[in-house]
Amino acid sequence: MKLVIAIPSKGRLKDQTLKLFSDAGLEIEEGADTRSYQTRILGRDDVEIAFLSASEIARELASGTVHMGVTGEDLARETIHDTDNVVEFDLKLGFGQADVVVAVPDAWIDVDSMADLDDVASDYRARYGRRLRIATKYWRLTQNWFGQHGIGVYRIVESLGATEGAPAAGSADAIVDITSTGSTIRANNLKVLDDGVILNSQANLITARQASWNEARQALRAEILSKLSTCC
Amino acid sequence: MLETLLTNLRRVAPDEAEVDILQPADPFLETAGEDLRRRIFITESIDGVVHCLRPEFTIPICLHHVANAGVNRSAKRYAYGGTVFRQARRGTSEFLQAGLEDLGNPDRVEADVACILDLDTSLSNTGVEDVQIALGDQKLFAVVVESLQLPPAIARRLVRSFGAPALVEAQIERLTDKSVKTNGAREAEELALAGDVVGLVEHVAGKMQAANLAAQTGRSPQAIAERMIDKMQESQFQLDAKSADLLRRYLAMEIPMVRAPEALKGFADETGLTFGLAGKEFFRRAAAMEAAGLDLSRITYKASLGRNLEYYTGILIEASIGGVVVAGGGRYDRLCGLLGSRDAIPAVGFSISVDRLGEAK
């Protein structure tokens, strides 16, 4: 039985993962058929590589159907309940950096912190007849973060794309979204709260604790980790 | 056990409200907030309406009351009992609850005392012994805060956090902090410090226009400017050690109910504050509790006991056996308003965790 490692199937995350593995002496065979979702590491038949989307990888890690995977910490923490007991974050890979942040309209000159947002949320309904709305695709991260700051009275509006445009579109008042340089946030006349960085995310090599592990696979895992860790 | 409780409760609360297991989720999320979503079971119907499995009875019963009380706003007492559904870390997600809602009685003291008495009687009729009852009072805390004459926003925030001791303490800590708080938006700060509302409104309106933000759908330049000015005043405010001490000492009070009125009077005399109407209500309630035959030796006044939910407005009740909380309740005069009632409806009630009661027995 092989050790199954899931890696992103497209985009920069894929390219950077392939390069990292290659630098570490673990060349991933892409094969002639580029539509193939399964491949191996050149010269080894004890490791299977599965190409999946980054969010699928998080789900597969949660269910333990792959042993290890490369995906963003943001997706892992958003997708996997009780994250740290279900998976282990083995290695930060040094690419795919992005922050999950709370951002409000730049025009809200009186709001700089979560405490300010709490104030604003608390009488939103009394003033405007509805709750403060937060657009995000990060339900879990938002609920945990707002909960930690004692903010309960708000509503999440699900947003699956162009979240930063939600306040101008009138579909939400503020957002929780991912940003790498902050330029999209600024371009949309939004600002990140001083204590509004929920997570500094980047691509991680992650182990599924609930996958089927035995001694041989544990040894393989240790070998791969040690090779990769010299390159990132 | 559930049957015994229900039979007893129906005797003192004869009104009925049917509460379906499948409930529209919106009223729960609107009142208790998004935070509740993590703790309940949500499901969506084919037409996109979000439902949830009944997580409690109070909100559905209040909705029923608001919809049916109609023209003759008569006071009603509803008894309820059945399964509620909550996300649990481990074990079952189904719990048995029984309880009572007293809606529309304008005599708050009378309704409060009846509620405490009915809770105590319901519990003891199931054969349990040594029921301890803790009472909190949201209004008294609000009076204590008011007496400190804090900037309004700070006072509101403290009252809002009542019932969450860690949040209250964090605020006291922050307010006594001497370090300067500033937010770096210089132009806005200068306008705010100068109290220049007009200039500030213009400044904000300009920013909103640049961002294509419609002022009609949310916070207006006026509201933002006003809060900015409040905030600048607050940032220059520092809570003195005496006031911080007074707050902490008040919240630490935990006294047997028999001695509570006397202790509160002593606290007022010593600190120079007046409990006013809220105090009068407290003293009347204490006397009425005794007159109703409640065993005051099993009741404790606990000043920090509250719920940091905006609709709680008065007493908070917690019943425990051997340190395990088996029932909770209180007064929530703002709940029916949140659920769409145009008139304020006085509301008090409690809910018994039948499972925990069974274990305690």
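Keep in mind it's a predicted model, so treat the numbers as computed, not measured.

**Description of helix α2 (residues 54–63) of chain A**
Residues and elements named next belong to chain A.
- Along α2, the residues classified as buried are A54, I57, A58 and L61. All buried residues of α2 lie within an arc of 100° about the axis, which places them on one face of the element.
- Looking one or two residues beyond α2, the residue adopting positive phi is G64, at roughly 75°.

**Description of the interface of chain B and chain A**
- With 36 residues of chain B in contact, the opposing surface of chain A contributes 33 residues.
- Buried area between chain B and chain A, both sides added, is near 3,200 Å², and the carbon and sulfur share of it is 45%.
- It is E30, E34 and R219 of chain B in chain B that bury the most area against chain A; as a group they hold 20% of the surface buried on that side.
- Connecting chain B to chain A are 15 salt bridges.
- A salt bridge links D119 of chain A to R157 of chain B, with the shortest nitrogen-to-oxygen separation between them at 2.6 Å.
- Listing elements by their share of the side of chain B that touches chain A, those giving two or more residues are α2 (26–32), α6 (152–161), α7 (165–176), α9 (197–210) and α10 (221–235) of chain B.
- For the side of chain B that touches chain A, the element with the highest residue contribution is α9 of chain B, accounting for six residues.

**What about the packing of helix α11 (residues 241–251) of chain B against helix α12 (residues 260–271) of chain B?**
Residue and element names in this part refer to chain B.
- Relative to each other, α11 and α12 sit at 175°, their axes nearing to 12 Å. What the angle tells us is that α11 and α12 run roughly antiparallel. Residues L246, R249 and Y250 of α11 form the contact with α12, whose own contacting residues are L264, F267, E270 and T271.
- When its residues are assigned to classes, the contact of α11 with α12 shows four nonpolar, one polar and two charged.

**A short note on the nonpolar core**
- Y250, M257, F275 and Y301 of chain B are the most contacted members of the largest nonpolar core, which has 68 residues in total.
- At seven residues, the largest contribution of residues to this core is made by helix α4 (residues 108–125) of chain B.
- Discounting chain neighbours no more than four positions away, the residues touching M257 of chain B are L135, F282, A286, M289, L296, I299, T300 and Y301 of chain B.
- Residues V104, I156, L193 and I198 of chain A belong to the second largest nonpolar core, which totals 39 residues.

**Structural notes on the sheet that holds strand β9 (residues 315–321) of chain B**
Residue and element names in this part refer to chain B.
- Here eight strands make up an open sheet; going across it, the order is β4-β5-β11-β10-β9-β6-β8-β7 and the pairing mixed. The outermost strands of the open sheet, each flanked by one partner alone, are β4 (76–85) and β7 (254–256). Here the average twist between neighbouring strands, direction ignored, is 20°.
- Sheet topology places β7 next to strand β8 (residues 299–302); three bridges connect them, and they run antiparallel.

**What about the domain arrangement of chain A?**
All names here are of chain A.
- With domains assigned, chain A is organised as domain 1 (3–96 + 202–229) and domain 2 (98–201).
- For domain 1 and domain 2, the distance between their C-alpha centres works out to 32 Å.
- Domain 1 puts 10 residues into the contact, and the matching count from domain 2 is 11 residues.
- Buried area between domain 1 and domain 2, summed over both chains or domains, comes out near 820 Å², and the portion from carbon and sulfur atoms is 46%.
- Broken down residue by residue, the surface that domain 1 buries against domain 2 is led by D74, R77 and E78, which jointly contribute 62%.
- If you look at where domain 1 meets domain 2, you find zero salt bridges.

Calculation criteria
Residues numbered from 1 in each chain as written. Chains lettered and ligands numbered in written order. Predicted model: local features only at pLDDT ≥ 70, side-chain atom pairs only at ≥ 80, totals over all residues. Heavy atoms only, no water. Buried < 20%, exposed > 50% of the residue type's maximum accessible area, 1.4 Å probe, protein only. Helix = DSSP H or I, 4+ residues; strand = E, 2+ residues; numbered from the N terminus. Arc of directions from axis to C-beta. Contact = heavy atoms within 4.5 Å. Buried area = accessible area lost by both parts, 1.4 Å probe. Salt bridge = Lys/Arg side-chain N within 4 Å of Asp/Glu carboxyl O. Axes fitted to C-alpha atoms, helices over the stretch in contact; angles between N-to-C directions. Parallel < 35°, antiparallel > 145°, perpendicular 65-115°, else oblique. Nonpolar A, V, L, I, M, F, W, Y, C, P; charged D, E, K, R; others polar. Core = buried A, V, L, I, M, F, W, Y, C linked by side-chain atoms within 4.5 Å. Pairing = 2+ DSSP bridges. Domains from an automatic or database assignment.

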